[in-house]
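What follows is each chain in one-letter form.
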Amino acid sequence: MDFQEGISRFISNAPPTHYIFKIKLFSMLTKNSIERYESGEFEAGGYNWKLVLYPNGNKSKNVKDHVSLYLALHGASALYSDTEIDVNFRLFLLDQNNGNYLVIQDAFGKARTFTELNFEWGFHQFISLKDFNDDSNGYLVDDVCTFGAEVFVCWERSQGQGEYLVMKNYAFPYKHVWRIDNFSKLDSECIVSKPFDTGNYKWIMKLYPKGKNAGLGSNYFSLFIALADPTTFPPGSKIYTQITLSILDQREGKHDSREGNYWISASNREAGYSWFSLLNRISYYYGFLVNNSCLVEAGVKILGTVYKS
């Protein structure tokens, strides 16, 4: 790991967790006088972000002979004027020769504070154009390059009122399997599992054989997970989760799964999919139904918790 002027640079074999930004015909940015380019939006830590690229350096900061790359908070103007969001982030550049990434971040885990006015942080001299254009480094190959980002929100606060967000470096994956018997004979609008524990929270799974909401009457069944008792949540608290819902293939292990990240609270207690899968896929042919029973699995990771202060 290389530390220079408060910046650390290291090599990682793992791709960026939150966003990958690939550019074909990179040289055309300069030829078409595009001095600044903003990527599409991506979500991380409950906020929307963008990458901001200056292919020949950020001229407003007097940067020369370098690529400049920044992380920008999208929609910062909608924040309260006293809101502050502390963020640890890493920016990535793919080495296409070796299949790994150059990673650049603030040294020693320093967090940057995003606000309504200071909504963009990053690296004026992300990489020199000499190193970037050198074929042996693998960063620009056949005029193609790939950037990326990981974003971890550490703290959010505002005067008068606030909240304390605790993100986890490692989230233990809790799993629970629900066996549904006599599946072909189900005639209820909704069937509900028994409550089960994932850490400090109790959950239930809910399956709608004929669909729910937008999936109603569509020949799809709907599958959700919900808090078993949302009244146990302290007012204003919420958890940031990664939820995986699956119908298990009991023969070949080719499970039908959906995964997403969700904020869960007393007022937003449920997450899932109105169009989970076609009902006729739950058959003996696909291995999802054995002896007229199917297995539904929920996986829950608690990635962060918000406490009101």
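Residues numbered from 1 in each chain as written. Predicted model: local features only at pLDDT ≥ 70, side-chain atom pairs only at ≥ 80, totals over all residues. Heavy atoms only, no water.

Points about the overall build of the protein chain
- Counting its regular elements, the protein chain contains two helices and 22 strands.
- Its C-alpha atoms put the protein chain at 70 × 50 × 35 Å along the principal axes.
- Relative to its 309 residues, the protein chain shows a buried fraction of 47%.
- Sequence-distant contacts, at least 24 apart, represent 67% of the contacts inside the protein chain between residues at least 6 apart.
- Carbon together with sulfur atoms contributes 48% to the accessible area of the protein chain, which is approximately 16,500 Å² in total.
- Seen as two clouds, the 31 positive and the 33 negative side-chain charges of the protein chain have centres 5 Å apart. (Helix = DSSP H or I, 4+ residues; strand = E, 2+ residues; numbered from the N terminus. Buried < 20%, exposed > 50% of the residue type's maximum accessible area, 1.4 Å probe, protein only. Contact = heavy atoms within 4.5 Å. Areas by Shrake-Rupley, 256 points an atom, 1.4 Å probe, with all protein chains shown as cover. Lys, Arg positive; Asp, Glu negative; His and termini not counted. Charge placed at Lys NZ, Arg CZ, Asp CG, Glu CD.)

Remarks on the environment of Tyr208
- Along the chain, Tyr208 falls in strand S17 (residues 201-208).
- The exposure class assigned to Tyr208 is buried, which follows from its relative accessible area of 7%.
- The spatial distance from the C-alpha of Tyr208 to the C-alpha of Leu186 is 9.7 Å, given a sequence separation of 22 residues.
- If we ignore the near neighbours within four places in the chain, the residues touching Tyr208 are Glu189, Cys190, Phe221, Ser222 and Phe224.

Remarks on the packing of aromatic side chains
- The full count for this structure, using the stated rule, is 17 aromatic pairs.
- With 5.9 Å between their ring centres and 80° between their planes, Phe92 and Tyr101 make a pair best called edge-to-face. Across the pair, exposure class does not vary: Phe92 and Tyr101 are buried alike.
- Members of the aromatic cluster, each reached through a chain of ring pairs, are Phe21, Phe26, Tyr37, Phe126, Phe132 and Phe147.
- A cation over a ring is seen here: Lys238 above Trp263, with NZ or CZ 4.6 Å from the ring centre. (Phe/Tyr/Trp six-rings, centres within 6.5 Å; stacked < 30°, edge-to-face > 60°. Lys NZ or Arg CZ within 6 Å of the ring centre and 35° of its normal.)

What to know about the layout of surface pockets
- Taken as a whole, the second largest pocket encloses approximately 580 Å³ of empty space.
- Only strand S2 (7-12), strand S7 (66-73), strand S9 (100-106) and strand S11 (120-128) provide two or more residues apiece to the lining of the second largest pocket.
- Tallying contributions element by element places S11 first for the lining of the second largest pocket, with nine residues.
- Residue classes in the lining of the second largest pocket are distributed as nine nonpolar, seven polar and eight charged. (1 Å grid on protein atoms, 1.4 Å probe; cavity = no way out; pocket = protein on both sides within 12 Å on 5 of 7 lines; lining within 4 Å. Points joined across faces, edges and corners; volume = space filled by probe spheres on them. Nonpolar A, V, L, I, M, F, W, Y, C, P; charged D, E, K, R; others polar.)

Digging into the pairing of S7
- For S7, a buried count of eight out of eight residues is recorded, marking the element as mostly surrounded by other parts of the structure.
- Burial along S7 is two-sided: the residues His66, Ser68, Tyr70 and Ala72 and Val67, Leu69, Leu71 and Leu73 are all buried.
- Note: strand S6 (residues 47-54) against S7, six bridges, orientation antiparallel. Across the sheet, Leu51 pairs through a bridge with Leu71, a residue of S7.
- Across six bridges, S7 lies against S11 in antiparallel orientation. (Pairing = 2+ DSSP bridges.)

Details of a negative patch on the surface
- On the surface, Asp131, Asp134, Asp135 and Asp142 cluster together into a patch of negative charge.
- Among the structural elements, Asp135 can be located in the loop between helix H2 (129-133) and strand S12 (144-157). (Patch = residues over 30% accessible without salt bridge, like charges linked within 9 Å, V, L, I, M, F, W, Y side chains within 5 Å. Salt bridge = Lys/Arg side-chain N within 4 Å of Asp/Glu carboxyl O.)

Here we look at the environment of Phe108
- Among the secondary structure elements, Phe108 is positioned in the loop between S9 and strand S10 (112-114).
- Separated by 102 residues in the primary sequence, Phe108 and Gly6 have C-alpha atoms spaced 8.1 Å apart.

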